[in-house]
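Summary of the model geometry
Here is how the chains run, residue by residue.
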Amino acid sequence: MVDDWWGGRAMAAMLPRLFIDHFAQTSYVVEDADGRLAGFAVAFLSPDDVQTVYVHFIGVDPALRGSGLGRELYARVAREAKAAGRSRIAAVTSPVNTTSLAFHAALGFEIGPVVPDYDGPGEDRVPMTWTLR
Ligand SMILES: CC(C)(COP(=O)(O)OP(=O)(O)OC[C@H]1O[C@@H](n2cnc3c(N)ncnc32)[C@H](O)[C@@H]1OP(=O)(O)O)[C@@H](O)C(=O)NCCC(=O)NCCS
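Below is a short write-up of the structure. (Residues numbered from 1 in each chain as written. Predicted model: local features only at pLDDT ≥ 70, side-chain atom pairs only at ≥ 80, totals over all residues. Heavy atoms only, no water.)

When two helices pack together, their arrangement is given by the angle between the helix axes and the distance between those axes. Where helix α3 (residues 69-83) contacts helix α4 (residues 98-107), the axes come no closer than 11 Å and their chain directions differ by 55 degrees. As judged from the angle between their axes, α3 and α4 are oblique. Here α3 runs over α4; the crossing is right-handed. Between α3, through Gly-70, Arg-71 and Tyr-74, and α4, the contact on the second element is made entirely by Phe-103, His-104, Ala-106 and Leu-107. By residue class, the composition of the contact of α3 with α4 is four nonpolar, two polar and one charged. (Axes fitted to C-alpha atoms, helices over the stretch in contact; angles between N-to-C directions. Helix = DSSP H or I, 4+ residues; strand = E, 2+ residues; numbered from the N terminus. Parallel < 35°, antiparallel > 145°, perpendicular 65-115°, else oblique. Left-handed = near helix turned anticlockwise from the far one by under 90°. Contact = heavy atoms within 4.5 Å. Nonpolar A, V, L, I, M, F, W, Y, C, P; charged D, E, K, R; others polar.)

Rendered as structure tokens:
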């Protein structure tokens, strides 16, 4: 569902199985009453930046958006980050993903600026950081 949930963008290759096999302790899945996937967040404790939890992917079923599930997923990540002694959450998004930018801004993330060629030639990205209190 990743490409579908990301509006048809080719994103699935950025979420290979290794994230599920090796980062499940810090990742979350929400199912509806019938066991269907409603949303998920894939995150991990940065080994290099020991103050940071990095959120690699967060997604909510398009039919369930706008009801607070994304915010709740981040609240869970934030709780676990604090419990692990981390003081910030970092994520990176594409400048074209205006939904992601608005969502992260609404949650209190510091947004940007855009870093040209962040992920290679022409692959600009926007770093986003949430300082936990
Ligand atoms: C981004 C995404 C996870 C948000 O999930 P959601 O469950 O709809 O978000 P919530 O309902 O919890 O909204 C939380 C806040 O973000 C804001 N927000 C969410 N989507 C928004 C949008 N499209 N435009 C403006 N603000 C938005 C909400 O207004 C809300 O703020 P508020 O509580 O102050 O009103 C969801 O749209 C999604 O899965 N998008 C596709 C995948 C993606 O781009 N993921 C992020 C990059 S990895």
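Glancing now at the packing of aromatic side chains. Each aromatic ring pair is described using two quantities: the centre-to-centre distance and the angle formed by the ring planes. By the definition in use, this model includes ten aromatic pairs. A centroid spacing of 6.2 Å and a plane angle of 40 degrees characterise the contact between Trp-6 and Phe-40, whose relative ring orientation is tilted. On the criterion of sequence distance, the pair formed by Trp-6 in the loop between α1 (2-5) and α2 (18-22) and Phe-40 in strand β2 (residues 37-45) is long-range, its members being 34 residues apart. Comparing Trp-6 with Phe-40 shows no difference in burial state: the two are buried. Among the aromatic residues, those joined into a cluster by ring pairs are Trp-5, Trp-6, Phe-40 and Phe-57. (Phe/Tyr/Trp six-rings, centres within 6.5 Å; stacked < 30°, edge-to-face > 60°. Buried < 20%, exposed > 50% of the residue type's maximum accessible area, 1.4 Å probe, protein only.)

The next subject is the site of the ligand. In the neighbourhood of the ligand, 19 residues make up the surrounding shell, with Ile-58, Val-60, Gly-66, Arg-71 and Asn-97 lying closest. Between the ligand and the protein, one listed contact pairs an oxygen atom with a backbone N or O atom of Val-60 at 2.8 Å. Coverage of the ligand by the protein amounts to 71% of the 920 Å² it exposes when considered alone. Counting only elements with at least two residues in the shell around the ligand, the list comes to β3 (52-60), α3 and α4. At six residues, the largest contribution of residues to the shell around the ligand is made by α4. Residue composition of the shell around the ligand, grouped by class: nine nonpolar, eight polar and two charged. (Near = heavy atom within 4 Å. Polar contact = N/O pair within 3.5 Å; in protein donor to acceptor, adjacent residues only side chain to side chain. Areas by Shrake-Rupley, 256 points an atom, 1.4 Å probe, with all protein chains shown as cover.)

The values reported here are purely geometric and, on their own, carry no functional implication.
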